[in-house]
Amino acid sequence: MTYHRGHPLTVARHEALLSPLPPGQAQLPVDTRWLRARAELFREAAERPFALTFDSTRYTETTGLHFHPHYVAQVYRGEEDARLETPLMVVNLARVPTRADADRVLAHECMHLRVPSYGHKKIAFAYAQEILDQVASLTAAAA
């Protein structure tokens with residue numbers, strides 16, 4: 001799934017993130033139950049808490065930010081002087097068709113929680129890939 005409206009370099013970095021899912025699982029569709037369970041692994045891997053919602057209206061009401069229909073996902077930590085105890089992440093399921101796409105989205109948004117000042121720099125996406133690699137380790141350990 002492409003972050004179509006992003007800068008081409010950001011889109012390329014996002015698309016280059018490698019999901020640890022085997023090919024047969026990577027192409028399966030995403031549902032809320034699977035994504036919520038998967039988010040637990042990303043919370044642990046990123047060592048950052050977040051609440052997950054699929055309700056853009058709730059996200060907008062909580063954050064004051066408009067979540068446009070073409071957006072894929074976004075995470076809100078609160079204003080600099082009023083950080084939320086638990087950041088809120090919203091995912092637009094209509095824009096995340098496969099589990100591999102969901103992994104990239106979760107890693108991308110967790111990257112913003114882990115190293116927010118890095119924006120979309122190359123080093124930030126290296127952290128996103130580290131998070132994906134850690135999810136692979138957690139998954140292997142659970143098996």
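Relevant structure appears above.
Residues numbered from 1 in each chain as written. Predicted model: local features only at pLDDT ≥ 70, side-chain atom pairs only at ≥ 80, totals over all residues. Heavy atoms only, no water.

1. With respect to the pattern of salt bridges
For the coordinates displayed, the defined rule picks out three salt bridges. Arg 43 is the salt-bridge partner of Glu 40, the closest N and O atoms lying 2.8 Å from each other. Taken together, the residues span about one helical turn, with Glu 40 and Arg 43 both in helix 3 (residues 32–46) at a distance of three residues. Judged by relative accessible area, which is 18%, Arg 43 ranks as buried. Between Asp 101 and Arg 104 there is a salt bridge whose closest N-O contact spans 2.6 Å. Linking Asp 101 with Arg 104, this pair stays in helix 5 (residues 99–114), spanning three residues, or about one helical turn. Take Asp 101 and Arg 104: they sit in the same class, and that class is buried. (Salt bridge = Lys/Arg side-chain N within 4 Å of Asp/Glu carboxyl O. Helix = DSSP H or I, 4+ residues; strand = E, 2+ residues; numbered from the N terminus. Buried < 20%, exposed > 50% of the residue type's maximum accessible area, 1.4 Å probe, protein only.)

2. Some points on unusual backbone geometry
Even without being a glycine, Glu 47 presents a positive backbone phi close to 55 degrees. Here Glu 47 shows up in the loop between helix 3 and strand 1 (51–53). Overall, the relative accessible area of 59% leaves Glu 47 in the exposed class.

3. Brief notes about the sheet that holds strand 3 (residues 82–91)
Judged by pairing direction, the sheet is mixed, and its three strands sit side by side in the order 1-3-2 without closing on themselves. Unpaired on one side and paired on the other, strand 1 and strand 2 (73–79) mark the two borders of the sheet. Averaged over all pairs of adjacent strands, the angle between strand axes in this sheet comes to 25 degrees, irrespective of strand direction. With six bridges joining them, strand 2 and strand 3 adopt antiparallel strand pairing. (Pairing = 2+ DSSP bridges. Axes fitted to C-alpha atoms, helices over the stretch in contact; angles between N-to-C directions.)

4. Overview of helix 6 (residues 122–142)
It helps to recall that an α-helix has 3.6 residues per turn; residues three or four apart then point in one direction. For helix 6, spanning 21 residues, the distance from its first C-alpha to its last is 31 Å, which sits close to the expected 30 Å at 1.5 Å a residue. Buried residues of helix 6: Ala 124, Phe 125, Ala 128, Gln 129, Ile 131, Leu 132, Val 135 and Leu 138, and no others. Tucked inside the fold, the buried residues of helix 6 contact helix 1 (8–15), helix 3 and helix 5. (Expected span 1.5 Å × (residues − 1). Contact = heavy atoms within 4.5 Å.)

5. A short note on the environment of Gln 25
With respect to the helices and strands, the residue Gln 25 is situated in helix 2 (residues 23–26). Since its relative accessible area comes to 38%, Gln 25 is described here as partly exposed. Sequence separation between Gln 25 and Arg 99 is 74 residues; the distance between their C-alpha atoms is 7.1 Å.

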